[in-house]
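Below are the chains, spelled out letter by letter.
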Amino acid sequence: MNTDFKPDNHNLKSTELSRRPDVVRSLLEEDQLVAFKQRTRFGRRKFSPALKVLLWALRIYVIVMLVIVIIQIVRTLH
Amino acid sequence: MGRMNQSSKPPKSGIISSPTSIEIASAGTGTGADPLTAEDISRARDRLAVAKARGGVQSRKSWRWMRLLWLLAGPGVLVFLGENDAPSMLSYAATGSQFGIGFFLPFILLTFLAAWVVQEMTVRLGSVTHRGHAELIFDRFGPFWGFFSMADLMLGNFLTLVTEFIGIRAGLSYFGIPALVAVGGAITLILAVTMTRRYWTWERILLGLAMFNGLFIPVALMSHPSWHAVGHAFITFGPLPGGLRSQNILLMMADIGATVTPWMLFFQQGATSDKGMQPRDVGFGRWDTSIGTLLAALFGIAVVLATVPLYTHGISTENYQGAQFAQALQPYVGKLGSSLFALGLVEAGLVAAISISTSSGYAFGEVMHHAHSLNRSIKDAWPFYLTLLGSAIAAGAIVLIPHAPLEFIVLIVNVIAVLAMPPALLFLLLLVNDREVMGDRVNGLWLNIAGIAVTVLLIIAGLGYGVTTLFPRLLS
């Protein structure tokens with residue numbers, strides 16, 4: 001677990017950190033550690049029907065608008 | 001002195017570490033046994049400086065605050081000055097040369113304020129979760145929606161990167177530098193900046209480069225704008241020559257696309273996480289984002305003002321490319337002014353190329369569940385660096401191909417950015433309101449209203465563009 005960053009560590013040089021894992025752990029939050037992030041994930045959230053509709057609606061919006069962009073470009077280049 | 005690493009958030013209930021989840025397996029016996037990596041130590045070096053600044057009882061409070069701002073600023077300024085990229089500056093140049101001083105000055109400021117609302121959420125997300133945007137989308141929404149999001153990002157980023165190199169080439173062509181040298185030099189610089197293997201060093205170098213976005217300010221002053229007209233424009237939002245015709249809506253879309261784009265979400269959250277920011281730093285993250293917003297708005301407006309002489313003298317710039325603006329301005333702002341304009345274009349393209357390719361690297365590395373930090377070596381984080389450098393090199397190479405459809409790419413890039421934003425904003429709003437992810441740092445009511453308003457505005461802008469494209473006579 002993380003420990004307090006102690007006042008006497010204020011004289012610590014950054015180059016000494018590799019020899020002071022206790023200080024490194026006190027400076028970083030637990031979930032900032034690379035190993036922690038590698039072995040954990042946020043779980044999947046549940047989708048409500050309304051959310052699914054909204055996600056699909058926006059996705060279809062993007063696809064339709066891309067087609068319109070292509071139409072605009074063809075018109076412009078000609 | 002208090003706990004230097006105390007989190008102000010409750011444990012994130014959404015995190016899974018059970019054997020039934022899809023994480024990478026680890027033989028760790030518990031959080032206390034998590035081994036430290038070189039990336040952790042590099043990040044801790046930056047945090048040590050922050051901790052010392054916070055605990056500096058010898059110095060005045062104002063000095064401590066300034067020192068902390070210096071240490072914690074970076075992602076916000078970089079994302080906004082990176083967004084003042086070559087196509088954006090050319091959009092602003094087109095705006096000033098076609099419409100003069102009027103509606104678009106306050107409109108540009110409003111677009112940046114809208115962008116601030118969006119980017120502030122990424123600061124909180126990155127500081128609280130310590131994870132990148134792509135990783136969160138994949139984790140919470142699954143690979144189906146994650147890959148859609150990635151496709152939008154990668155397509156938009158790659159096209160935008162091509163336009164950055166177009167801008168770099170155009171800007172340096174003003175000085176007679178051949179395209180091969182311009183593109184090769186830019187790629188070499190991107191390589192050199194990226195190879196620092198320290199986020200802090202990379203960030204400071206890029207911030208120094210980004211400050212040259214301010215080159216447009218002396219050019220604006222040299223164009224001797226009417227400050228009375230500028231004040232009138234900000235108060236009245238007028239005039240808007242031609243009203244709401246399709247050409248004006250297209251330019252509004254381009255200006256919106258110049259300030260609100262998907263890569264900004266991925267970059268700022270990734271950089272905030274890579275920088276090691278923590279929940280107690282969010283206040284400084286907001287200051288960082290605010291400073292970036294104001295600087296970028298100021299520099300963008302400066303470009304508009306710089307090209308007003310072209311409007312005043314009735315010079316048609318509708319088909320102008322980068323260097324042509326600099327050349328056309330020479331009679332009005334002198335050789336020095338036009339040179340500064342061209343240099344500003346080069347800087348805009350260069351900083352954006354670095355920022356955008358880094359956002360691609362972050363996203364790809366997160367999705368691959370591989371190391372993705374500027375604090376890591378190439379060997380450790382090769383997917384990250386391969387994406388970052390590979391996309392930049394590929395984009396630069398395209399610009400050198402004879403008869404490549406560059407005009408096509410320039411035309412669509414800002415518009416595509418606007419069109420791709422609504423789904424990206426929906427994911428952002430869902431994540432930042434997710435208590436399992438954010439704890440008690442979720443959006444408040446007003447931020448949600450503002451975020452939804454920005455999303456709706458972008459959808460309306462997109463629909464307006466669609467209507468005027470399909471029915472061009474409707475608003476003529």
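Residues numbered from 1 in each chain as written. Chains lettered and ligands numbered in written order. Predicted model: local features only at pLDDT ≥ 70, side-chain atom pairs only at ≥ 80, totals over all residues. Heavy atoms only, no water.

**Q** I tried to follow the overall build of chain A on my own but got confused; where do I start?
**A** When you go through chain A residue by residue, the secondary structure sums to 3 helices and 1 strand. Taking all 78 residues of chain A together, the buried fraction comes to 45%. (Helix = DSSP H or I, 4+ residues; strand = E, 2+ residues; numbered from the N terminus. Buried < 20%, exposed > 50% of the residue type's maximum accessible area, 1.4 Å probe, protein only.)

**Q** How do you make sense of the packing of aromatic side chains when you look at a structure like this?
**A** Aromatic ring pairs are reported here in terms of the distance separating the ring centres and the angle at which the planes meet. Residue and element names in this part refer to chain B. With the rule as written, the count across this model stands at 24 aromatic pairs over all chains. Measuring from centroid to centroid gives 5.7 Å for Trp-65 and Phe-284, while their planes differ by 40°, and the two rings are tilted. You can see Trp-65 sitting in helix α2 (residues 61–72) and its partner Phe-284 sitting in helix α13 (residues 282–306), a full 219 residues away along the chain. Relative accessible area serves as the criterion here: at 10%, Phe-284 is assigned to the buried category. Seen in terms of ring centroids, Trp-263 and Phe-267 are 5.8 Å apart; in terms of plane orientation they differ by 65°. Their pairing is edge-to-face. In this pair, Trp-263 and Phe-267 are both assigned in helix α12 (residues 262–275), 4 residues apart and thus about one turn of the helix distant. Residue Phe-267 is classed as buried on the basis of its relative accessible area of 0%. What links up through ring pairs into an aromatic cluster is the set Phe-99, Phe-103, Phe-104, Phe-107 and Phe-237. Positioned over the ring face of Trp-70 is Arg-204, at 4.4 Å from the centre of the ring. (Phe/Tyr/Trp six-rings, centres within 6.5 Å; stacked < 30°, edge-to-face > 60°. Lys NZ or Arg CZ within 6 Å of the ring centre and 35° of its normal.)

**Q** Explain a nonpolar patch on the surface here, please?
**A** Nonpolar side chains collect at one region of the surface, where Ile63(A), Val67(A), Ile71(A), Val467(B), Leu470(B) and Phe471(B) lie side by side and expose about 480 Å² of accessible area between them. Looking at the nonpolar patch, the elements with two or more residues in it are α3 (49–77) of chain A together with α19 (445–470) of chain B. A per-element tally of the nonpolar patch places α3(A) first, with 3 residues. Residue placement: Val467(B) occurs in helix α19. (Patch = residues over 30% accessible without salt bridge, like charges linked within 9 Å, V, L, I, M, F, W, Y side chains within 5 Å. Areas by Shrake-Rupley, 256 points an atom, 1.4 Å probe, with all protein chains shown as cover. Salt bridge = Lys/Arg side-chain N within 4 Å of Asp/Glu carboxyl O.)

**Q** Sorry, what's going on with the packing of helix α5 (residues 104–129) of chain B against α13(B) here?
**A** The packing of two helices is summarised by the inter-axis angle and the distance between the axes. Residues and elements named next belong to chain B. With their axes 9 Å apart at the nearest point, α5 and α13 run at an angle of 155° to one another. Between α5 and α13, the interaxial angle falls into the category roughly antiparallel. For the pair α5 and α13, the sense of crossing is right-handed. Taken together, the residues of α13 that come into contact with α5 (itself represented by Leu-105, Ile-108, Leu-109, Phe-112, Leu-113, Trp-116, Gln-119, Glu-120, Val-123, Arg-124 and Ser-127) are Val-282, Gly-285, Arg-286, Thr-289, Ser-290, Thr-293, Ala-296, Ala-297, Ile-301, Val-304 and Leu-305. Here the contact of α5 with α13 is composed, by residue class, of 13 nonpolar, 6 polar and 3 charged. (Axes fitted to C-alpha atoms, helices over the stretch in contact; angles between N-to-C directions. Parallel < 35°, antiparallel > 145°, perpendicular 65-115°, else oblique. Left-handed = near helix turned anticlockwise from the far one by under 90°. Contact = heavy atoms within 4.5 Å. Nonpolar A, V, L, I, M, F, W, Y, C, P; charged D, E, K, R; others polar.)

**Q** Help me understand the environment of Thr37(B), please; the structure alone is not making it clear to me.
**A** Within the element layout of this structure, Thr37(B) appears in the loop between β1 (15–16) and α1 (38–54). Here the alpha-carbon distance between Thr37(B) and Val413(B), two residues 376 residues apart in the chain, equals 39 Å. Beyond its immediate sequence surroundings of up to four residues, Thr37(B) is in contact with Val34(A) and Arg376(B).

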